[in-house]
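What follows is each chain in one-letter form.
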Amino acid sequence: MTQATHPVGVFDSGVGGLSILQALRAELPAENFVYVADSGHAPYGERDAVHVIGRSQTITRHLLAQHHIKALVVACNTATAAAIHLLRQQYPELPIVGVEPALKPAAQLSQTRRVGVMATRGTLESAKFRVLLDALQGQADFILQPCDGLADAIERQNAIKIEALCAEYTRAIGQFGHESGQIDTLVLGCTHYPFAASELRALLGPQVQLIDSGAPVARQTQRLLKTHNALSISPTPRLQLYATGYPERLQAAARHWLQLTQPVRLLSI
Ligand code: DGL
């Protein structure tokens, strides 16, 4: 029996899911959260789907057994694409929210109807992404860019590499701007990439719209918890942070991006 006071589990390959956690905490300030960064097994984006599926299953099993989570947010585009259908099959009672590149909102916002999409290779090559893209045929031109190494550089907070890769990949996408034929909207299709937003802004200028999936995922989680009558009303919500490797990376990222100071615990799963 799901209890409203039980936590919501959130996981990503590493620190990227913090961009989703940030939106979740803003939308659901009374919820308890348990966040797992799978940094010991990251990055996911350039690994095969079998690895990502196995890790997603291991983490979900752990969150259910040890934390009795009432809902799960897969805060990773790559893991959502590879594993969410299997997790839903395995745990039909568990409300599960995934994240996918925000192509639809981007197509609606773009004036030039040319949209760049930065994501991992795993996401862009997935069947799930293909279905999403096909459903939007004719609504905009999407220029897809696999961004090998960028999530890893963000994971390591390697500023020089982040800047170099953002420059390389935005150049490969094409001409940004507001004239006809130019790209005026860029989808950040990996939850790590919002943490490179300032580098991207510096390269593209303030006019290009950067679209991530944090707010829609948080709203969907709110709706799902409400439907299940499982919204928390705790006045003192708890947040637990775990990492399967390099806990100092999650610690630094949580402090830097979300101003969170609770200790990150190392998880051996
Ligand atoms: N943050 C993940 C995503 O949204 C994956 C990054 C990675 O591990 O490659 O796709």
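Everything that follows concerns the structure shown earlier in this document.
Per chain, residues are indexed from 1 in the order of the written sequence. The predicted origin of the model limits local features to residues at a pLDDT of at least 70 and limits the giving and counting of side-chain atom pairs to 80 or more, whereas totals for whole chains, interfaces and linings rest on all residues. Side-chain calculation: all heavy atoms of the structure are included, whereas hydrogens and water are not.

## Thoughts on the overall build of the chain
Only DSSP runs of H or I covering at least 4 residues are called helices, and only runs of E covering at least 2 are called strands; the numbering of each starts at the N terminus. When helices and strands are tallied, the chain shows 11 helices and 10 strands. Exposure is judged per residue with a 1.4 Å probe applied to protein chains only, and the accessible area is read against the type maximum: over 50% gives exposed, under 20% gives buried, and values in between give partly exposed. Expressed as a percentage of the 269 residues in the chain, the buried residues total 56%. For accessible areas, the Shrake-Rupley method is used with a probe of radius 1.4 Å. Any residue's cover is judged against the shown protein chains and nothing else. Carbon and sulfur atoms make up 50% of the accessible area of the chain, which totals about 12,000 Å². Charge counting follows a simple rule: Lys and Arg are positive, Asp and Glu are negative, and His as well as the terminal groups are ignored. Charge coordinates come from a single atom per side chain, which is NZ of Lys, CZ of Arg, CG of Asp or CD of Glu. Both charge centroids of the chain, one from 23 positive and one from 21 negative side chains, sit 6 Å from each other.

## Points about unusual backbone geometry
In the segment running from Ala42 into Pro43, the intervening peptide bond is cis, with an omega of -10 degrees. Phi at Arg113 takes a positive value of approximately 60 degrees, unusual for a residue other than glycine. Within the secondary structure layout, Arg113 lies in the loop between helix H4 (103-109) and strand E5 (114-119). By relative accessible area, Arg113 is classed as partly exposed at 44%. Here the phi dihedral of Gln259 falls at roughly 55 degrees; this positive angle occurs in a residue that is not glycine. Its location among the elements puts Gln259 in the loop between helix H11 (247-258) and strand E10 (264-266). Judged by relative accessible area, which is 59%, Gln259 ranks as exposed.

## Focus: the pattern of salt bridges
The salt bridge criterion pairs a side-chain nitrogen of Lys or Arg with a carboxyl oxygen of Asp or Glu, the two atoms within 4 Å. The final tally for this structure, using the stated rule, is seven salt bridges. Between Lys128 and Glu100 there is a salt bridge whose closest N-O contact spans 3.4 Å. Here the residue Lys128 occupies a position in helix H6 (residues 127-135), and Glu100 occupies one in the loop between strand E4 (96-97) and H4, the gap between them amounting to 28 residues. Judged by relative accessible area, Glu100 falls into the partly exposed class, the value being 36%. Residue Glu125 is joined to Arg121 by a salt bridge in which the shortest nitrogen-to-oxygen separation is 3.7 Å. By relative accessible area, which is 61% here, Glu125 ends up exposed. Among the charged side chains, a network of salt bridges with common partners joins Arg121, Glu125 and Asp148.

## Some remarks on the sheet that holds strand E9 (residues 239-243)
Taken in spatial order, the six strands make up an open sheet running E4-E3-E1-E2-E9-E10, and their pairing is parallel. This sheet does not close on itself; its edge strands, each paired only once, are E4 and E10. Two strands form a pair only when DSSP identifies at least two bridges running between them. The sheet contact formed by E9 and E10 spans three bridges and is parallel. When the sheet's bridge partners are listed, Tyr242 is paired in E10 with Arg265. Most of the contacts of helix H1 (residues 18-27) go to strand E2 (residues 33-37), to which it runs at about 170 degrees, and overall it touches strand E1 (8-12), E2, strand E3 (71-74) and E9. Here, two residues are considered to be in contact whenever any of their heavy atoms come within 4.5 Å of each other. Simply put, an axis is a line fit to the C-alpha atoms, just over the touching stretch for a helix, and the angle between two N-to-C directions goes from 0 to 180 degrees.

## Observations concerning the packing of H1 against H11
A packed helix pair is summarised by two numbers, namely the angle formed by the two axes and the spacing between the axes. Across the interface, H1 lies against H11 with an axial gap of 11 Å and an inter-helix angle of 45 degrees. Accordingly, the angle class assigned to the pair H1 and H11 is oblique. The two elements H1 and H11 meet at a crossing, and its hand is right-handed. On H11, the residues touching Leu18, Leu21 and Gln22 of H1 are Leu250, Ala253, Ala254, Trp257 and Leu258. Our angle categories are set so that under 35 degrees counts as roughly parallel, over 145 as roughly antiparallel, 65 to 115 as roughly perpendicular, and the remainder as oblique. Crossing handedness: left-handed means the near helix sits turned counterclockwise from the far one by under a right angle, and right-handed means the same turn made clockwise.

## What to know about the nonpolar core
Among buried residues, those of type Ala, Val, Leu, Ile, Met, Phe, Trp, Tyr and Cys that are joined through side-chain atoms within 4.5 Å constitute a nonpolar core. By size, the foremost hydrophobic cluster in this structure holds 54 residues, and its most contacted members are Leu18 and Leu186. In this view, Leu18 contacts Tyr35, Phe195, Leu250, Ala253, Ala254 and Leu258; residues no more than four positions away in its chain are not counted. Core analysis: the next-biggest nonpolar cluster, separate from the first, contains 22 residues, Phe11, Ile59, Val74 and Leu94 among them.

## Quick word on the packing of helix H2 (residues 49-67) against helix H3 (residues 77-90)
Where H2 contacts H3, the axes come no closer than 9 Å and their chain directions differ by 50 degrees. The pairing of H2 with H3 is recorded here as oblique in orientation. Along this stretch, H2 crosses H3, giving a crossing that reads as right-handed. Residues Ala49, Val52, Ile53, Ser56, Gln57 and Thr60 of H2 pack against Thr78, Ala79, Ala82, Ala83, Leu86, Leu87 and Gln90 of H3. When grouped by side-chain class, the residues that make up the contact of H2 with H3 number eight nonpolar, five polar and no charged. Gly is placed with the polar residues, together with every amino acid not listed as nonpolar (Ala, Val, Leu, Ile, Met, Phe, Trp, Tyr, Cys and Pro) or charged (Asp, Glu, Lys and Arg).

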